[in-house]
Amino acid sequence: MRIPIYQIDAFTDRLFGGNPAAVCVLGRWLDDSALQSIAAENNLSETAFLVGGNGRYSLRWFTPTVEVDLCGHATLAAAHVVFREMEPALREVIFDSRSGELRVRRENELMTLDFPASHGMICDCPDLLAEGLGRNPLEVLRGAMYLCVFADEEDIRSLQPDFSALAKLDLMGVIVTAPGRSVDFVSRMFAPKVGIPEDPVTGAAHCLLTTYWAERTGKTRFTARQLSSRGGELECELRGERVLISGRAVKYLQGEILLQSFTEESTIP
């Protein structure tokens, strides 16, 4: 069995920037263990798997260790593959996922994800979180991940997390954020619990970041930068209970995975 595979740098307009994701195009679903093994072999923060056609696809995302409910950069990468390699006449693609229907629209090189908004509740900072970050945030919110707010951009840049401590937290990841100097806000994201010590650019985290900064500033549109070593640029907009996240992507490589055997899944998420 030959599976087309692409590696895409997402949320960047240049190679070796943004967040790399693998995209595998399947004719039918494989057994979950095969999907997880492929993701582990790829050893990227996310591998996206697609089944479908004619502008609508089922989409699943796997880290090297687990399947996740939502991933922004791998969705952007998957859309890039659909638009550039599979259905170049499309201007919008629909993905059916664990997080419901997700749409991606394109205008020239810019693609816009339409994702569900995420919210957090203010909470006390767990001792393990402060230990893992090496300092106490000004404010902590608890949602799908912890959101930790700091005073300025340099606080975010200078963090040197203890990943072993962060991996013991009850939530899957930790987002840190502060006002930016040349953008509205900056962030980093750590998820050692699911095999991603630091994610280069995290689209799904901006579902929570956008709602937080909208509540704090009264604005609905933002420019954002994720301050990983690779770096990434995003444009975010809050529209009711949806967040629009825009960015670009670049193809790094394409090829084939060769599998000698597989088990077909009977259901599609």
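The structure under discussion appears in the preceding block.
About the cut-offs
Residues numbered from 1 in each chain as written. Predicted model: local features only at pLDDT ≥ 70, side-chain atom pairs only at ≥ 80, totals over all residues. Heavy atoms only, no water. 1 Å grid on protein atoms, 1.4 Å probe; cavity = no way out; pocket = protein on both sides within 12 Å on 5 of 7 lines; lining within 4 Å. Points joined across faces, edges and corners; volume = space filled by probe spheres on them. Nonpolar A, V, L, I, M, F, W, Y, C, P; charged D, E, K, R; others polar. Helix = DSSP H or I, 4+ residues; strand = E, 2+ residues; numbered from the N terminus. Pairing = 2+ DSSP bridges. Buried < 20%, exposed > 50% of the residue type's maximum accessible area, 1.4 Å probe, protein only. Polar contact = N/O pair within 3.5 Å; in protein donor to acceptor, adjacent residues only side chain to side chain. Phe/Tyr/Trp six-rings, centres within 6.5 Å; stacked < 30°, edge-to-face > 60°. Lys NZ or Arg CZ within 6 Å of the ring centre and 35° of its normal. Salt bridge = Lys/Arg side-chain N within 4 Å of Asp/Glu carboxyl O. Core = buried A, V, L, I, M, F, W, Y, C linked by side-chain atoms within 4.5 Å. Contact = heavy atoms within 4.5 Å. Patch = residues over 30% accessible without salt bridge, like charges linked within 9 Å, V, L, I, M, F, W, Y side chains within 5 Å. Areas by Shrake-Rupley, 256 points an atom, 1.4 Å probe, with all protein chains shown as cover.

Topic: the layout of surface pockets
For the largest pocket, the calculated volume is near 440 Å³. As for the largest pocket, its lining consists of 26 residues, of which L70, A144, M145, M172 and A204 are closest to the centre. Looking at the lining of the largest pocket residue by residue, the classes come out as 17 nonpolar, six polar and three charged. The computed volume of the second largest pocket comes to approximately 240 Å³. Secondary-structure elements contributing two or more residues to the lining of the second largest pocket are strand 15 (221–226), strand 16 (232–239) and strand 17 (242–247). Broken down by class, the residue content of the lining of the second largest pocket amounts to five nonpolar, six polar and six charged.

Points about the pairing of strand 14 (residues 196–199)
Where strand 13 (residues 185–191) and strand 14 come together, two bridges link them in antiparallel fashion. Paired with A191 across the bridge in strand 14 is I196. The loop that links strand 13 with its antiparallel partner strand 14 comprises four residues; one of these, G195, has a positive phi angle of about 85°.

Observations concerning the environment of E41
Checked against the element boundaries, E41 lands in helix 1 (residues 32–42). Taking the C-alpha atoms as reference, E41 lies 27 Å from L102; in sequence the two are 61 residues apart.

Digging into the side chain of R188
On the secondary structure map, R188 appears in strand 13. For R188, a relative accessible area of 8% translates into the label buried. Within the structure, the side chain of R188 is placed 3.4 Å from the backbone oxygen of R157, a separation counted as a polar contact.

Some details on the packing of aromatic side chains
Given two aromatic rings, one states the distance between the centres and the angle between the planes to describe the pair. All chains considered together, the criterion is met by seven aromatic pairs. Centroid distance F16 to Y252: 5.8 Å. Interplanar angle 65°. Geometry classified as edge-to-face. Taken together, the residues span a long stretch of sequence, with F16 in the loop between strand 1 (2–10) and strand 2 (19–26) and Y252 in strand 18 (residues 249–258) at a distance of 236 residues. F16 sits in the exposed class, given a relative accessible area of 54%. Connected via pairs of aromatic rings, a cluster forms that spans F185, Y212, W213 and F222. One Lys or Arg, R60, reaches over the ring of W29 and ends 5.2 Å from the middle of that ring.

Here we look at the environment of G27
Secondary-structure assignment places G27 in the loop between strand 2 and helix 1. We classify G27 as exposed; its relative accessible area is 72%. Taking the C-alpha atoms as reference, G27 lies 36 Å from I175; in sequence the two are 148 residues apart.

Some points on unusual backbone geometry
Even without being glycine, F11 reaches a positive phi, approximately 60°. Positioned with a positive phi, N108 is a non-glycine residue whose angle comes to about 55°. Looking at the element boundaries, N108 is found in the loop between strand 7 (100–107) and strand 8 (110–116). For N108, a relative accessible area of 70% corresponds to the exposed category.

Focus on the pattern of salt bridges
All chains considered together, the criterion is met by 23 salt bridges. A salt bridge links R84 to E109, with the nearest nitrogen and oxygen atoms 2.6 Å apart. Highlighted residues: R84 in helix 2 (residues 72–86) and E109 in the loop between strand 7 and strand 8, separated in sequence by 25 residues. Since its relative accessible area comes to 45%, E109 is described here as partly exposed. E237 is the salt-bridge partner of R239, the closest N and O atoms lying 3.1 Å from each other. Each of R56, E92, D96, E101, R103, R105, D114 and R242 takes part in salt bridges that share partners, so that together they form one network.

A look at the nonpolar core
If you look at the biggest cluster of nonpolar residues, it comprises 57 residues, and the most contacted ones within it are L50, V93 and F95. Among the elements that take part in this core, helix 2 stands out by supplying eight residues, more than any other. Setting aside residues up to four positions removed in sequence, L50 forms contacts with V23, C24, V25, L26, Y57, S58, L59, A78, V82 and F95. In this structure, Y146, L169, V176 and V186 belong to the second largest nonpolar core, which totals 18 residues.

Looking at a nonpolar patch on the surface
Taken together, the side chains of L15, F16, Y252 and L253 define a hydrophobic patch exposed on the protein surface, amounting to about 380 Å² of accessible area. Here L253 shows up in strand 18. Exposure remark for L253: the relative accessible area of 34% places this residue in the partly exposed category.

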